[in-house]
Amino acid sequence: MGLKILQQSKSQKQKAEAYVFFAKAADMGNLKAMEKMADALLFGNFGMQNITAAIQLYESLAKEGSYTAQNALGFLSSYGIGMEYNQAKALIYYTFGSAGGSMMSQMILGYRYLSGINVLQNCEVALNHYKKVADYIADKLEKSEGIPVEKVRLTERPENLSSNSEILDWDIYQYYKFLAERGDVQIQVSLGQLHLIGRKGLDQDYYKALYYFLKAAKAGSANAMAFIGKMYLEGNAAAPQNNATAFKYFSMAANKGNAIGLHGLGLLYFYGKGVPVNYAEALKYFQKAAEKGWPNAQFQLGFMYYSGSGVWKDYKLAFKYFYLASQSGQPLAIYYLAEMYATGTGVLRSCRTAVEKRLKFLKRRRCIQWHFSYGIELPFKDIHLARRLYDMAAQTSPDAHIPVFFALMKLETVHLLRDILFFNFTMRWKWMKLDNTLGPYWDLFVIGLIIVVLIFLLRNRYG
C-alpha cells in the first residue's frame, strides 16, 4: 500500500502518508518497509535526519540478508559517514551486496576494479561486474521498449522561451495548445508525443495523445500516423491493442516514406504480429527505414545479422549497423557493441573498449544512480562530509587554500540559511530550496555581497 501511494503521489502530503504505512509495516517486520524507513532516516525524508538510527536499522537488515542494506553500509563505511572510515569493510559489504543481487554494488565494484580503488586494478573483473548490470537492464529493455519514441521537438521552435527547461511553462503549453487547435500540424504531433510519454511536466494522457495524433494524421502527418500505429501495437486505455489497426496506420505512414512507419511494419513482420512471420519483408522495411537514418531500424538490421534471424550471420555487417545506431544513442546497439568487444566477435577483443561501451549504455539508461556508481557524485547532500573533504583538499595543496576558503564560505552560508529557513508544519520539516527561490547562482551574489561589505568596512576603518 505504501509503495503504491509513493509511486502515485504528487504532493508532499501524499508521500508523507506513504511513509506512515511504511512505518506500520516496518513495525510488523516487513523487510522492504524497513529498507524504506532506513533510507528515509539516512536521507532525512519527512523528518529529521538520523544517520545513527539508519545504520542500526541497516545492520539489522544486513543480518537478514538484505542486499540494499549491505550496499548502504558499504557506502557509509567507504566515506566514514556515521561509522568508522574503513575501505576494507566497505569492500566486504559491497561484495555481499553484489552476491545478493544489488545492481548498485555491482556498479561500484566494477568502478573500483576498473580504477584500482583499494583492490588490484583488473579490467576483466570490472567488465564482469558491469556485464551483470548491463544484462539486467538490456533484458528489461528488450521486453518493454517496443518502438522507442523519437525525441520531442516542440522546444526547438524559437517561440519557446523555456527551451532549456525540463518543465514546459503552463502559459507556453496553453499557447501551443491554441496553435494545435488552430491546425498547426507540427505542434499537434509534438503535443501528442508529450502526452504519450509524459514529458515536460505534463501527465501521461493516452486520450489526449491519440486526440492530437488523429488531428495531425487527418491533416496528412506521416509521423502522427506512425505514432497511432505505435499506440495500437503496444495497447493502452485510449487505443486497445490491435495489430490490424497498427498495421493500417504503419502502412499509411510507410506509404509516405516515413521511417517510423517503415520500421513499425518491419517489426510486425519480424515478430509475426497480425501477419505471418516474414524475415524477408522485415529486412526490406528495416533497410528502407535505416537508409533514412532511423536508429532503431539500424539496430534491428544489426540484430538480424548478429543472431542470424532470417539471414546468414555476418558479424561485420552486424557491427556496422550497431555502430551506426549507437551514433544516435540507440541503447541496445551500444549494449551489443559492448558484447562484441567483450567476446571478440567480429572485432578485435578489447576489455577497455567493452567497459567503456557498457558504461555508455548504462549512462543512456540512467540506471541506479549511474553518476554516483561511477564515482562522480554522492547520492545526497551531506554538509559535514563536504566540510571534511574541503579541509583535506586544503591540506593537500597550498594552491587550494583560496578556492577552499570561498567554498567553505558558501557551505557555511548554506548551513546557516538551512537552519534559519527550516520551518515546522504538522510535525513535518520542509526545506526551501535556494536554487528555486533565488536562482542557481545565488551563492555568487552572496559571496560578492560579503566582499563588498568587507571592502566598505576596511575603507571606513583605514580611510
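Remember, it's a predicted structure, so these values are computed and weren't measured experimentally. (Residues numbered from 1 in each chain as written. Predicted model: local features only at pLDDT ≥ 70, side-chain atom pairs only at ≥ 80, totals over all residues. Heavy atoms only, no water.)

When helices and strands are counted, the chain shows 24 helices and two strands. In the chain, buried positions account for 44% of the 463 residues. As displayed, the chain has an accessible area near 25,500 Å², and 56% of this comes from carbon and sulfur atoms. (Helix = DSSP H or I, 4+ residues; strand = E, 2+ residues; numbered from the N terminus. Buried < 20%, exposed > 50% of the residue type's maximum accessible area, 1.4 Å probe, protein only. Areas by Shrake-Rupley, 256 points an atom, 1.4 Å probe, with all protein chains shown as cover.)

When two helices pack together, their arrangement is captured by the angle between the axes and the distance separating the axes. The N-to-C vectors of helix 10 (residues 185-197) and helix 12 (residues 222-234) enclose an angle of 20 degrees; their axes lie 10 Å apart at closest approach. Here helix 12 runs roughly parallel to helix 10, going by the angle between their axes. Our pair here, helix 10 against helix 12, has a crossing hand that is left-handed. Only N223, A224, F227, K230 and M231 of helix 12 make contact with helix 10, whose side of the interface consists of V189, Q193 and L196. Split by residue class, the contact of helix 10 with helix 12 holds five nonpolar, two polar and one charged. (Axes fitted to C-alpha atoms, helices over the stretch in contact; angles between N-to-C directions. Parallel < 35°, antiparallel > 145°, perpendicular 65-115°, else oblique. Left-handed = near helix turned anticlockwise from the far one by under 90°. Contact = heavy atoms within 4.5 Å. Nonpolar A, V, L, I, M, F, W, Y, C, P; charged D, E, K, R; others polar.)

This part takes up helix 4 (residues 51-63). An ideal rise of 1.5 Å per residue puts 18 Å on 13 residues; helix 4 measures up with 18 Å between its terminal C-alpha atoms. Listed as buried for helix 4 are I51, A54, I55, L57, Y58, L61 and A62. The arc that holds the buried residues of helix 4, viewed along the axis, is 165 degrees, so those residues lie on one side. Opposite the packed face of helix 4, turned more than 90 degrees from it, sit the exposed residues T52, Q56 and K63. Looking at the packing, one finds that the buried side of helix 4 touches helix 3 (31-43) and helix 5 (67-79). Two or three places before T52, at the start of helix 4, stands the capping residue N50, its side-chain oxygen 3.4 Å from that residue's backbone nitrogen. (Expected span 1.5 Å × (residues − 1). Arc of directions from axis to C-beta. Polar contact = N/O pair within 3.5 Å; in protein donor to acceptor, adjacent residues only side chain to side chain.)

A word on a nonpolar patch on the surface. On the surface, L449, V453, L454, F456 and L457 cluster together to form a nonpolar patch covering roughly 500 Å² of accessible area. Relative to the helices and strands, L457 is located in helix 24 (residues 442-462). (Patch = residues over 30% accessible without salt bridge, like charges linked within 9 Å, V, L, I, M, F, W, Y side chains within 5 Å. Salt bridge = Lys/Arg side-chain N within 4 Å of Asp/Glu carboxyl O.)

On to the pattern of salt bridges. For the structure on display, the rule yields seven salt bridges. Between E35 and K32 there is a salt bridge; the shortest N-O distance is 3.9 Å. With a gap of three residues between them, E35 and K32 both fall in helix 3, about one helical turn apart. By relative accessible area, E35 is classed as buried at 10%. Here R349 ties to E124 by a salt bridge, and the two come within 2.9 Å at their closest N and O atoms. Placement of R349 in the loop between helix 18 (331-343) and helix 19 (351-365) and of E124 in helix 8 (residues 123-144) is noted, with a sequence separation of 225 residues between them. Residue class for E124 comes out partly exposed when judged on its relative accessible area of 40%.

We now examine the packing of aromatic side chains. Aromatic ring pairs are defined here through the distance separating the ring centres and the angle between the ring planes. In the structure shown here, the tally under the stated rule is 23 aromatic pairs. Ring centres of F299 and F303 lie 6.2 Å apart, and the angle between their planes is 35 degrees; on these two criteria the pair is classed as tilted. Separated by four residues within a single helix, F299 and F303 lie in helix 16 (residues 295-307), roughly one turn from each other. By relative accessible area, which is 5% here, F299 ends up buried. Judged by its relative accessible area of 22%, F303 is partly exposed. An angle of 15 degrees between the planes, with centres 6.4 Å apart, marks the rings of F319 and Y323 as stacked. (Phe/Tyr/Trp six-rings, centres within 6.5 Å; stacked < 30°, edge-to-face > 60°.)

On to unusual backbone geometry, then. A positive phi angle, near 60 degrees, is found at N118, a position not held by glycine. Following the sequence through the fold, N118 ends up in the loop between helix 7 (103-115) and helix 8.

Here the focus is helix 15 (residues 279-291). The α-helix winds at 3.6 residues per turn, so residues separated by three or four positions along the chain end up facing the same way. Over its 13 residues, helix 15 extends 18 Å from the first C-alpha to the last, a length consistent with the 18 Å expected when each residue adds 1.5 Å. When we look at burial in helix 15, the residues that qualify are A282, L283, Y285, F286, A289 and A290. Summarising the contacts, the buried residues of helix 15 are in contact with helix 14 (259-271) and helix 16. Its side-chain oxygen 3.2 Å from the backbone nitrogen of A280, N278 forms the N-cap of helix 15. In the stretch just after helix 15, G293 is the one whose phi turns positive, near 90 degrees.

Our next topic: the nonpolar core. Counting 75 residues, the largest nonpolar core has Y130, F213, F322 and F361 as the members making the most contacts within it. With nine residues, helix 18 is the single largest residue contributor to this core. Core analysis: the second largest hydrophobic core is formed by 29 residues, A62, A69, I81 and I108 among them. (Core = buried A, V, L, I, M, F, W, Y, C linked by side-chain atoms within 4.5 Å.)

Attention now goes to the state of the cysteines. Under the counting rule described, the total for this entry stands at one disulfide. In this model, C123 is linked to C351 through a disulfide, with the two sulfur atoms separated by 2.1 Å. On the S-S bond that ties C123 to C351, the torsion sits near -110 degrees, and the link is left-handed. Note that C123 is positioned in helix 8 and C351 in helix 19, a separation of 228 residues in sequence. (Disulfide = S-S within 2.5 Å.)

The subject of this paragraph is the environment of L337. Tracing the backbone through its elements, the reader meets L337 in helix 18. Distance in space between the C-alpha atoms of L337 and K357 is 7.0 Å, their sequence separation being 20 residues.

Looking now at the packing of helix 17 (residues 315-326) against helix 18. Between helix 17 and helix 18, the least distance of the axes is 8 Å, while the angle of their chain directions is 135 degrees. When the axis of helix 17 is compared with that of helix 18, the two are oblique. Considering how the two elements wind past one another, helix 17 and helix 18 form a crossing that is left-handed. Across from Y315, F319, F322, Y323, A325 and S326 in helix 17, the residues of helix 18 making contact are A333, I334, Y336, L337, M340 and Y341. Its residues placed into classes, the contact of helix 17 with helix 18 shows eleven nonpolar, one polar and no charged.

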